[in-house]
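Close look at the chain arrangement
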Amino acid sequence: MSKTDSTPATQPVRFGIWAPHRGHWVQDPGQENAGAPFSLARDVVLSAERCGFDTALIAQHTINPQGQDAEVLDAWTAAAGLAALTERIEIIAAIKPRLVHPAVLAKMALGIEDISNGRFAINLVSAWYRPELELSGIGFPPHDARYAYSAEWIQVVRELTEGRSVTHAGEAFTLEDFSLRPAARTRGRPYIYSGGESEPGRQLAVEHADCWLVNGRPPQDLEPMIKDVASRPRAGAPITFGTTGYSLVRETEAQAQEELAYWLAVQDGANDTARRRGDHIDPEAKTIHYVKQYKEGRMIGANGGTIPGFVGSYDQVAERVAQFHAIGINTFLLSFFPMISEQERFAAEVMPRVRALTR
């Protein structure tokens, strides 16, 4: 390993969406809840592919953080279905390592990699929501212990998806001369994203991930984080960087803010804003608790909400994306609402402007 330059290499901008794993991001209390059917995720992802998005992420929860009576989509069966229905867009499935043995998960990943013809990716998440691991009896170890488990887990997954015969004796797993076939047919292995902003999370990304995916916040706050991770010794290709947020764009900033205010009022009326009980969230989960620093930000859509500043006029948001790109971010995983109409508007109006600014 050798120390890398602290300035991330410039990469072309990639745009992605969050597939609606828990149904519509905003639920009007006056309408019947449509739940979280695969058909909704299918329609949203097919729309994203048609209008030029590069990737789509399906978050993983076995039970919905809004409560067990609320529906949530299964990430891995949905990813297999979407891989078969799409032709170009990357399909990312999130995974919490304690839920699936790495040998089984690697086999599943290779299967979806084959279905997608080399368009599949894993998003490694070490978990923050206690009930799905505690109520199931799987268990929720302390923060650093979960990351140690995740690091060993992803090492095994990487080696198996690369087609190697694996002999491994670690704290959590033992494999002896174990391999999987067929191996990846079109490239070395599926792509790997990871989150986690604590020290163990950052080091795990450096050692095992292709892209560090950080929850959205302003560029000036992200820049030192990106420089820290980019400067760490690493084997192989330089790590890339992504961020998240909610976007709503219009011809003018006033129009965008008026629309945002409307949907926030609907969301508040549905009692849908960050209602998770505090004791359900790991107090050491920096990727969740960081939102307390941004009093003006609102959690609408998926991770990041309005905090990074992707709400405004077409030109404003394009310039904002270019600011993130200038500090080393190249992947933008965005959520929209209403989903299809707003992501198609973004693709038509903002993407060309960003390409011109970052060319």
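Residues numbered from 1 in each chain as written. Predicted model: local features only at pLDDT ≥ 70, side-chain atom pairs only at ≥ 80, totals over all residues. Heavy atoms only, no water.

Remarks on the side chain of Thr-161
Positionally, Thr-161 belongs in helix H5 (residues 143-161). Classification of Thr-161 as buried rests on a relative accessible area of 2%. In this structure the side chain of Thr-161 is engaged in a polar contact, spanning 3.1 Å, whose partner is the backbone oxygen of Arg-158. Discounting residues that sit within four places of it in the chain, Thr-161 has contacts with Ala-106, Ala-109, Leu-110, Ala-184, Gly-188, Arg-189 and Pro-190. (Helix = DSSP H or I, 4+ residues; strand = E, 2+ residues; numbered from the N terminus. Buried < 20%, exposed > 50% of the residue type's maximum accessible area, 1.4 Å probe, protein only. Polar contact = N/O pair within 3.5 Å; in protein donor to acceptor, adjacent residues only side chain to side chain. Contact = heavy atoms within 4.5 Å.)

Structural notes on the pairing of strand E7 (residues 191-194)
Alignment of strand E4 (residues 120-124) against E7, held across four bridges, turns out to be parallel. Residue pairing for E7: Ala-121 is matched across the bridge by Tyr-191. Pairing between E7 and strand E8 (residues 211-214): two bridges, direction parallel. Paired with Tyr-193 across the strands is Cys-211, a residue of E8. Handedness of the β-α-β unit built from E7, helix H6 (residues 199-208) and E8 comes out right-handed. (Pairing = 2+ DSSP bridges. Right-handed = clockwise from strand over helix to strand, strands pointing away.)

Let's talk about the nonpolar core
Counting residues in each nonpolar core, the largest one holds 100 residues, and the members touching the most others are Phe-15, Phe-53, Trp-76 and Phe-346. Looking at which element gives the most residues to this core, the answer is H5, with seven residues. Setting aside its immediate chain neighbours within four residues, Phe-53 contacts Phe-15, Gly-16, Ile-17, Ala-48, Arg-88, Ile-89, Phe-336, Gln-343, Phe-346, Ala-347 and Met-351. (Core = buried A, V, L, I, M, F, W, Y, C linked by side-chain atoms within 4.5 Å.)

Quick word on empty space enclosed by the protein
A full pass over the atoms with the stated rule returns one cavity of 30 Å³ or more. The computed volume of the largest cavity comes to approximately 30 Å³. If you trace the largest cavity, you find it lined by Ile-17, Trp-18, Trp-25, Val-44, Leu-334, Ser-335, Phe-336, Met-339 and Gln-343. Per-class residue counts for the lining of the largest cavity are seven nonpolar, two polar and no charged. (1 Å grid on protein atoms, 1.4 Å probe; cavity = no way out; pocket = protein on both sides within 12 Å on 5 of 7 lines; lining within 4 Å. Points joined across faces, edges and corners; volume = space filled by probe spheres on them. Nonpolar A, V, L, I, M, F, W, Y, C, P; charged D, E, K, R; others polar.)

Digging into helix H7 (residues 219-230)
The end-to-end C-alpha distance of H7, which contains twelve residues, comes to 16 Å, matching closely the 16 Å that a straight helix rising 1.5 Å per residue would cover. Among the residues of H7, Pro-219, Leu-222, Met-225, Ile-226, Val-229 and Ala-230 are the ones counted as buried. The buried residues of H7 occupy one face: seen down the axis, they fall within an arc of 130 degrees. Considering only its buried residues, H7 is in contact with H6, E8, strand E9 (240-250), helix H10 (314-326) and strand E11 (329-335). (Expected span 1.5 Å × (residues − 1). Arc of directions from axis to C-beta.)

Remarks on the packing of H10 against helix H12 (residues 351-358)
Orientation of H10 relative to H12, taken along the N-to-C sense of each, is 45 degrees, at an axis distance of 9 Å. Taken together, the axes of H10 and H12 are oblique relative to one another. Where H10 crosses over H12, the two elements pack in a sense that is right-handed. For the pair H10 and H12, contact is made by Tyr-314, Asp-315, Ala-318, Glu-319, Val-321, Ala-322 and His-325 and by Arg-353, Val-354, Leu-357 and Thr-358, respectively. When grouped by side-chain class, the residues that make up the contact of H10 with H12 number six nonpolar, two polar and three charged. (Axes fitted to C-alpha atoms, helices over the stretch in contact; angles between N-to-C directions. Parallel < 35°, antiparallel > 145°, perpendicular 65-115°, else oblique. Left-handed = near helix turned anticlockwise from the far one by under 90°.)

Side note on the environment of Phe-38
Residue position: Phe-38 is located in helix H1 (residues 38-51). For Phe-38, a relative accessible area of 30% puts it in the partly exposed group. Sequence separation of Phe-38 and Pro-20 is 18 residues, and the distance between their C-alpha atoms is 8.9 Å. The residues contacting Phe-38, other than those within four sequence positions of it, are Leu-73, Ala-78, Gly-81, Leu-82 and Leu-85.

Re the pairing of strand E6 (residues 174-178)
Alignment of strand E5 (residues 166-169) against E6, held across three bridges, turns out to be antiparallel. Residue pairing for E6: Ala-169 is matched across the bridge by Thr-174. What sits between the antiparallel neighbours E5 and E6 is a turn of four residues.

Examining the pattern of salt bridges
Using the criterion set out here, one finds 22 salt bridges in the structure. The shortest N-O distance in the salt bridge between Asp-268 and Arg-298 comes to 2.7 Å. Taken together, the residues span a long stretch of sequence, with Asp-268 in helix H8 (residues 253-269) and Arg-298 in the loop between helix H9 (286-289) and strand E10 (310-313) at a distance of 30 residues. For Arg-298, a relative accessible area of 27% corresponds to the partly exposed category. A single salt-bridge network, built from bridges that share partners, covers Arg-158, Glu-159, Glu-162, Arg-164, Arg-189 and Asp-210. (Salt bridge = Lys/Arg side-chain N within 4 Å of Asp/Glu carboxyl O.)

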